[in-house]
Amino acid sequence: MKKLFSLFFALFALAACDTSQEFAPDENAGMQVARKVSIFESQDNQKKWILQAESVDFSDLQTATLKNPELLLKENGKDSASVTGKTGSFDYQQKKVSIEGNAKIKSFTQQLLITAERFFYDVNNNRIWSDDKTVITRGGVKVTARKGVVTDSKLTDIEIKQQTTRLPENTRELQNTPL
């Protein structure tokens, strides 16, 4: 009986050691993925920014990969702007966020919308920028920055690189048009 048990255990161990299915992160998706994640930074008991995502892949030790991220920027404890996109990443070491895929910045305080393929946010320097065609819309006026923009997180000081402007056709377009 003891020999039969040993033989059964040896066969079971050999079957468990089958190398035809080696471990690979792609095959075991979800092993280091968290759902509905929030990462934030606080100062003086107030949050400065909150990075939320539908899901986050933590398998890379230097960068988290984000699905449907939203970066919410705060000013004096209140929401001042949000940056959204389809995908993104957060670099732990450099404290930089990238959000891409139909990326949008919506300013609640400045009443403007900025769109580009991707945006970057430097946590340490409190700067947002894009590196390709970016459109800024406020009221009925659109400004296109062909080489991107650089701005502070308050969106009050925006540097436009290679600008083109579409002027409104009449004064009604200049009135406060909702985003």
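Residues numbered from 1 in each chain as written. Predicted model: local features only at pLDDT ≥ 70, side-chain atom pairs only at ≥ 80, totals over all residues. Heavy atoms only, no water.

### With respect to the overall build of the protein chain
Consideration 1: The number of helices and strands found in the protein chain is one helix and 14 strands.
Consideration 2: A total of 179 residues make up the protein chain; the buried ones form 31% of that total.
Consideration 3: Partitioning the intrachain contacts of the protein chain with sequence separation of at least 6 by distance along the chain shows that 33% fall at a separation of at least 24. (Helix = DSSP H or I, 4+ residues; strand = E, 2+ residues; numbered from the N terminus. Buried < 20%, exposed > 50% of the residue type's maximum accessible area, 1.4 Å probe, protein only. Contact = heavy atoms within 4.5 Å.)

### Let's talk about the pairing of strand 3 (residues 63-67)
Consideration 1: On strand 3, burial follows the alternation: Ala64 and Leu66 on one face are buried, whereas Thr63, Thr65 and Lys67 on the facing-out side are not.
Consideration 2: From the end of strand 2 (residues 46-57) to the start of strand 3, which pair antiparallel, there are five residues. (Pairing = 2+ DSSP bridges.)

### Structural notes on the pairing of strand 8 (residues 112-122)
For a regular strand, side-chain orientation follows a simple rule: the groups alternate between the two sheet faces.
Consideration 1: Across ten bridges, strand 7 (residues 96-107) lies against strand 8 in antiparallel orientation. By the bridge assignment for strand 8, Ala103 is matched with Ala116.
Consideration 2: Between the end of strand 7 and the start of strand 8, which pair antiparallel, lie four residues, with Gln111 showing a positive phi angle near 55 degrees.
Consideration 3: Across three bridges, strand 8 lies against strand 9 (residues 127-129) in antiparallel orientation.

### Some thoughts on the environment of Ala53
Consideration 1: As for its position among the elements, Ala53 is in strand 2.
Consideration 2: Placed 34 residues apart in sequence, Ala53 and Thr87 show a C-alpha to C-alpha distance of 8.9 Å.
Consideration 3: If we ignore the near neighbours within four places in the chain, the residues touching Ala53 are Lys36, Val37, Leu66, Lys67, Asn68 and Pro69.

### Thoughts on unusual backbone geometry
Consideration 1: The phi dihedral of Asn68 falls on the positive side, at around 50 degrees, and the residue is not glycine.
Consideration 2: Structurally, Asn68 can be placed in the loop between strand 3 and strand 4 (70-75).
Consideration 3: You can call Asn68 partly exposed: its relative accessible area is 35%.
Consideration 4: For Lys95, which is not glycine, the phi dihedral falls at a positive 55 degrees.
Consideration 5: Among the structural elements, Lys95 can be located in the loop between strand 6 (87-91) and strand 7.

### Topic: the pattern of salt bridges
Consideration 1: Scanning the model with the defined rule gives five salt bridges in all.
Consideration 2: A salt bridge links Asp79 to Lys74; the shortest N-O distance between them is 2.6 Å. (Salt bridge = Lys/Arg side-chain N within 4 Å of Asp/Glu carboxyl O.)

### Digging into the nonpolar core
Consideration 1: One finds Trp49, Leu71, Phe119 and Tyr121 to be the most contacted residues of the largest nonpolar core, which totals 28 residues.
Consideration 2: Listed by contribution, the elements that provide at least two residues to this core are strand 2, strand 3, strand 4, strand 5 (78-84), strand 7, strand 8 and strand 11 (141-145).
Consideration 3: Not counting residues within four places of it along the chain, the set of residues in contact with Trp49 comprises Ile39, Phe40, Glu41, Leu71, Leu72, Leu73, Lys74, Phe90, Tyr121 and Val123. (Core = buried A, V, L, I, M, F, W, Y, C linked by side-chain atoms within 4.5 Å.)

### What to know about the environment of Leu71
Consideration 1: As for its position among the elements, Leu71 is in strand 4.
Consideration 2: With a relative accessible area of 1%, Leu71 lands in the buried category.
Consideration 3: Once the C-alpha coordinates of Leu71 and Tyr121 are considered, the two residues, 50 residues apart in sequence, prove to be 9.0 Å apart.
Consideration 4: Apart from the residues lying within four places of it in its own chain, the contact partners of Leu71 are Trp49, Ile50, Leu51, Ala81, Ser82, Val83, Ile99 and Tyr121.

### Details of the confidence of the model for the protein chain
Consideration 1: In this model, the protein chain carries a mean pLDDT of 81, and residues with pLDDT of at least 70 account for 79%.
Consideration 2: Every residue in residues 1-27 is under pLDDT 50, and counting partners more than four places away or in other chains gives three contacts. (pLDDT = per-residue confidence, 0-100.)

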